[in-house]
Amino acid sequence: MRNDLVLRVIAKLLIPFILLFALYVQFHGELGPGGGFQAGVIAAAAIVLHVLIFGLDATRRIVPERLVETMLAAGVLIYAGVGVAGLLLGGNFLDYFVLSGDRVYGQLRGIFWVEVGVAVTVSGVMLKIFYMFAARGHDDGEDA
Amino acid sequence: MMVATVVILARSRNLFAVVVLGGIYSFLMATVLVALDAVDVAMTEAAVGAGVSTVLLLGALHLCKAEEAKPAHRPWLPLAVAVGTGAVLVYGTLGLPAFSDPEAPIHTHVAPRYLNEALKETSVPNVVTAVLASYRGYDTLGETTVVFTAGAGVIALLRRRKKKDKADAEKAAS
């Protein structure tokens, strides 16, 4: 499959658009359908497509496992960090009103960072699970 | 169409066909959710159900045989449990208010407040996002932690297996 010219060209064309769509879903989630979870899954799907077409090793060079594992924990930490930031600024845990001078703007800011946290964790977990499954087949194949 | 997909799904012994049919079922489900005006959920269903989980199942299929093993025992007890649970659940739906009844408790409790005040309080036009990230912030934090725990669990399970394999290989070599 890796030598199929049509698949390679189409994948190269599609992946940037899938990633762009993920960002659109992420940042437009407040206005239209979408949000952190969906954006994370779509971004992970783009990278899974890259693995399917170009092979696991090529993708590991672009998106190393260490980065994926960091993303796993970083998302939850960003989310909880928003809560702690609210605490430090004198509100309750996960209270967004205090994040900015204006109450409504504080809400927007809080929701934005919370969605970023969700997206980072979700895409990290999806990719990590996929890497683990793919690596098992991959390494077994090398042994055989 | 969904019923036909499920019947073929249950009868098929070829796991590859089952995975592909599962993806088709997810897409059909996503269309149903769009028809119900739940675009956010439909998006998730299409991306997770039809996209990522199909690929994950195919990856798992790569590691094992493509034919389902013959069942070792009679299906009557599990069938009875499934039919019994289904009957109880159907009985439970009799107590629910009618579909899209405006007087149902779910529409008179906090939903009107969210719908009326969300734009003013958070300036976020998508109410789903406002409820998820702001009013129900704790729940979403819990969800994110669940996703994180699931990932950590998979890492723990698969990585240990890998090390064990390596140790076994070394033992066999020496």
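Residues numbered from 1 in each chain as written. Chains lettered and ligands numbered in written order. Predicted model: local features only at pLDDT ≥ 70, side-chain atom pairs only at ≥ 80, totals over all residues. Heavy atoms only, no water.

### Considering the overall build of chain A
- The number of helices and strands found in chain A is five helices and zero strands.
- Of the regular secondary structure in chain A, the N- to C-terminal order runs α-α-α-α-α.
- Within the span of chain A, comprising 144 residues, buried residues form 47% of the whole.
- When contacts within chain A are restricted to residue pairs at least 6 apart in sequence, long-range pairs at least 24 apart make up 63% of them.
- Accessible surface for chain A amounts to roughly 7,100 Å². Of this, 68% is attributable to carbon and sulfur atoms. (Helix = DSSP H or I, 4+ residues; strand = E, 2+ residues; numbered from the N terminus. Buried < 20%, exposed > 50% of the residue type's maximum accessible area, 1.4 Å probe, protein only. Contact = heavy atoms within 4.5 Å. Areas by Shrake-Rupley, 256 points an atom, 1.4 Å probe, with all protein chains shown as cover.)

### Some details on the packing of aromatic side chains
Residue and element names in this part refer to chain A.
- Under the counting rule described, the total for this entry stands at three aromatic pairs over all chains.
- For the ring pair Phe21 and Tyr24, a centre distance of 6.1 Å and an interplane angle of 25° mean the geometry is stacked. Within this pair, Phe21 and its partner Tyr24 are both found in helix α1 (residues 5-27), separated by three residues, close to a single helical turn.
- For Phe21, a relative accessible area of 38% puts it in the partly exposed group.
- Summarising the aromatic geometry, the rings of Phe27 and Phe112 are spaced 5.6 Å apart at their centres and angled 20° between planes, so their arrangement reads as stacked. With Phe27 in helix α1 and Phe112 in helix α5 (residues 103-143), the pair connects residues that are 85 residues apart, well separated along the chain.
- With relative accessibility at 45%, the residue Phe27 sits in the partly exposed group.
- Given the relative accessible area of 28%, Phe112 is considered partly exposed.
- An aromatic cluster of at least three residues, connected via ring pairs, comprises Phe27, Phe112 and Trp113. (Phe/Tyr/Trp six-rings, centres within 6.5 Å; stacked < 30°, edge-to-face > 60°.)

### Some words on α1(A)
Residue and element names in this part refer to chain A.
- A rise of 1.5 Å per residue sets the reference length of α1, with its 23 residues, at 33 Å; its end C-alpha atoms lie 34 Å apart and thus fit the reference within 8%.
- The sharpest bend along α1 measures roughly 25° and falls at Leu14, with the proline Pro16 sitting one to four residues further on.
- Inspection of α1 places Ala11, Ile15, Ala22, Val25 and Gln26 among the buried residues, and these make up the whole buried set. (Expected span 1.5 Å × (residues − 1). Bend = angle between axes of the 7 residues up to and from the residue.)

### Things to note about the interface of chain A and chain B
- Across the boundary between the two partners, chain A contributes 46 residues, which contact 40 residues of chain B.
- Carbon and sulfur atoms make up 76% of the area that chain A and chain B hide from each other, which totals about 3,800 Å².
- When the buried surface of chain A facing chain B is broken down by residue, Met132(A), Phe133(A) and Arg136(A) rank first, second and third, together holding 17% of it.
- Where chain A touches chain B, the interface holds three residue pairs in polar contact (both at pLDDT 80 or more).
- Looking at the side of chain A that touches chain B, the elements that each hand over two or more residues are α1, α2 (36-54), α4 (65-88) and α5 of chain A.
- Here the side of chain A that touches chain B takes 21 residues from α5(A), the largest share from any one element.
- Grouping the constituent residues of the side of chain A that touches chain B by class yields 32 nonpolar, seven polar and seven charged. (Buried area = accessible area lost by both parts, 1.4 Å probe. Polar contact = N/O pair within 3.5 Å; in protein donor to acceptor, adjacent residues only side chain to side chain. Nonpolar A, V, L, I, M, F, W, Y, C, P; charged D, E, K, R; others polar.)

### Quick word on the side chain of Lys128(A)
- Examined against the element boundaries, Lys128(A) turns out to sit in helix α5.
- Those residues in contact with Lys128(A), other than ones at most four positions away along the chain, are Glu65(A), Val68(A), Glu69(A), Leu72(A), Ile155(B) and Arg159(B).

### Brief notes about the side chain of Gln26(A)
- Mapped onto the elements, Gln26(A) comes out in helix α1.
- The contact partners of Gln26(A), leaving out residues within four places of it in the chain, are Gly35(A), Gly36(A), Ala39(A), Glu115(A), Val116(A) and Ala119(A).

### Notes on the packing of helix α1 (residues 2-11) of chain B against helix α2 (residues 15-35) of chain B
Residues and elements named next belong to chain B.
- Where α1 contacts α2, the two axes come as close as 10 Å, and the packing angle between them is 160°. In terms of axis orientation, α1 runs roughly antiparallel to α2. Considering the relative orientation of α1 and α2, their crossing is left-handed. Residue-level inspection shows Met2, Thr5, Val6, Ile8 and Leu9 of α1 in contact with α2, the latter providing Val18, Leu21, Gly22, Ile24, Tyr25, Leu28, Met29 and Val32.
- Along the lines of polarity and charge, the residues of the contact of α1 with α2 split into eleven nonpolar, two polar and no charged. (Axes fitted to C-alpha atoms, helices over the stretch in contact; angles between N-to-C directions. Parallel < 35°, antiparallel > 145°, perpendicular 65-115°, else oblique. Left-handed = near helix turned anticlockwise from the far one by under 90°.)

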